[in-house]
Amino acid sequence: MKAASEMVFGHQGVRAGESGDPEGRELTELPFLRGLLSEAERIWQDRARTALREGPSGDPVGRWNATSDAALEMVSAHARLQAADAFLAAASRAEDPRAGFLMRSLCRLFLLRQLGEHTGDLLAEGRLTPDHVRALPKAVDTVVGEPAPHLMTLVDAFDLPAEVLSGIPIASGGSVGGDEVDWEEAGVRAGVVVAGAY
């Protein structure tokens, strides 16, 4: 909440339309996707500022209550933008071309997934076209397939402990649906809470 209140007026993100004209842009372009997420942050910041200005005068708690939802969405978008920037920085430092490709693919997937909840706002603001919105699910599916041939490289890169992987049937040579599997027990062994997944 403190970060949200400080960012409402103390943070300067992008200006409206700074990400440029969306016509002719592709959902595979990392700078375009990053720009869209920064536009989403700006949209929520504008909403928070407007809500604070228009909140009930003489009632600071009421003003903050009217502002807090938009302010928290702004902070969430900002945090995701910071994560995307860290992804992009790591990808640019990768010395191995395959590692760079995988980092960019994962960053693209991350950005596409983050943008899904903001498509209505981005479309309304003219930052996305209707064709972009319609193409988003297929773009996600396509990007999910890019790293598929390199899954073992990714698993090795995350350096997951064997005890985590042993509780996941497909990761430990088992099969789903073959033998009777106690999913709760497998989740406990893997350190994962499996609620209602029977």
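Residues numbered from 1 in each chain as written. Predicted model: local features only at pLDDT ≥ 70, side-chain atom pairs only at ≥ 80, totals over all residues. Heavy atoms only, no water.

## Re the packing of aromatic side chains
The cut-off we apply is this: Classification of ring pairs uses Phe, Tyr and Trp, with its six-membered ring standing for Trp, and accepts pairs whose centres are within 6.5 Å; under 30 degrees between planes counts as stacked, over 60 as edge-to-face, and the remaining range as tilted. A run of DSSP states H or I qualifies as a helix once it reaches four residues; a run of E qualifies as a strand once it reaches two. Both are numbered from the N-terminal end. Think of it in three bands: with a 1.4 Å probe and only protein chains considered, a residue is buried below 20% of the maximum accessible area for its type, exposed above 50%, and partly exposed in between. Here, a charge over a ring is recorded when the distance from Lys NZ or Arg CZ to the ring centre is within 6 Å and its angle to the ring normal is within 35 degrees.
The final tally for this structure, using the stated rule, is one aromatic pair. Note on Phe-87 and Phe-110: the rings are 6.1 Å apart at their centroids and 45° apart in plane angle, and the pair reads as tilted. Residue Phe-87 is located in helix α3 (residues 60-93), and its partner Phe-110 is located in helix α4 (residues 97-115); the two are separated by 23 residues in the primary sequence. Its relative accessible area of 23% is what places Phe-87 among the partly exposed residues. Sitting over the face of the ring of Trp-44, Arg-47 holds its NZ or CZ atom 4.5 Å from the ring centroid.

## Comments concerning the side chain of Thr-119
Among the structural elements, Thr-119 can be located in helix α5 (residues 119-124). Residue Thr-119 is classed as buried on the basis of its relative accessible area, which comes to 15%.

## Digging into the nonpolar core
The criterion, for reference: Residues enter a nonpolar core if they are buried and are Ala, Val, Leu, Ile, Met, Phe, Trp, Tyr or Cys, with the set joined through side-chain atoms within 4.5 Å. Contacts are assigned to residue pairs with any non-hydrogen atoms lying within 4.5 Å of each other.
Of all hydrophobic cores here, the largest spans 20 residues; its most connected members are Leu-27, Leu-33, Leu-36, Leu-111 and Leu-112. Sorting the residues of this core by element identifies α2 (30-54), α3, α4 and α6 (130-145) as the ones contributing at least two each. In terms of residue count, α2 provides more of this core than any other element does, six residues in total. Sequence-distant contacts of Leu-33, that is, excluding residues within four places in its chain, are made with Leu-27, Arg-108, Leu-111, Leu-112 and Leu-115.

## Some words on the packing of α4 against α6
Formally: Fitted lines through C-alpha atoms give the axes, limited to the stretch in contact for helices. The angle between two N-to-C directions lies from 0 to 180 degrees. Here roughly perpendicular refers to angles of 65 to 115 degrees, roughly parallel to angles under 35, roughly antiparallel to angles over 145, and oblique to all remaining angles. Note: crossing handedness is left-handed where the near helix turns anticlockwise from the far helix by less than a right angle, and right-handed where it turns clockwise. As a working rule, the residues Ala, Val, Leu, Ile, Met, Phe, Trp, Tyr, Cys and Pro are called nonpolar, Asp, Glu, Lys and Arg charged, and the rest polar, with Gly in that last group.
Close contact between α4 and α6 brings their axes to 9 Å; oriented N to C, the two are set at 155°. Overall, the two elements α4 and α6 adopt an arrangement that is roughly antiparallel. Judged by the twist between their axes, the crossing of α4 over α6 is left-handed. On α6, the residues touching Ser-105, Arg-108, Leu-109, Leu-112 and Arg-113 of α4 are Leu-136, Ala-139, Val-140, Val-143 and Val-144. Counted by class, the contact of α4 with α6 contains seven nonpolar, one polar and two charged residues.

## Brief notes about the confidence of the model for the protein chain
Convention followed: Confidence of the predictor at the level of single residues is given by pLDDT, which spans 0 to 100.
Overall, the predicted model of the protein chain reaches an average pLDDT of 80, with 76% of residues at or above 70. When pLDDT is averaged over each element of the protein chain, α5 comes out on top at 95 and helix α1 (residues 2-10) at the bottom at 54. In this model, residues 192-198 is a region of pLDDT below 50 whose contacts with residues beyond four sequence positions or in other chains number five contacts.

## Thoughts on the environment of Pro-22
Considering the arrangement of structural elements, one finds Pro-22 in the loop between α1 and α2. On the accessibility criterion, Pro-22 (5% relative accessible area) is buried. Residues contacting Pro-22, with those up to four places away along its chain left out, are Phe-32, Gly-126, Arg-127, Leu-128, Thr-129 and His-132.

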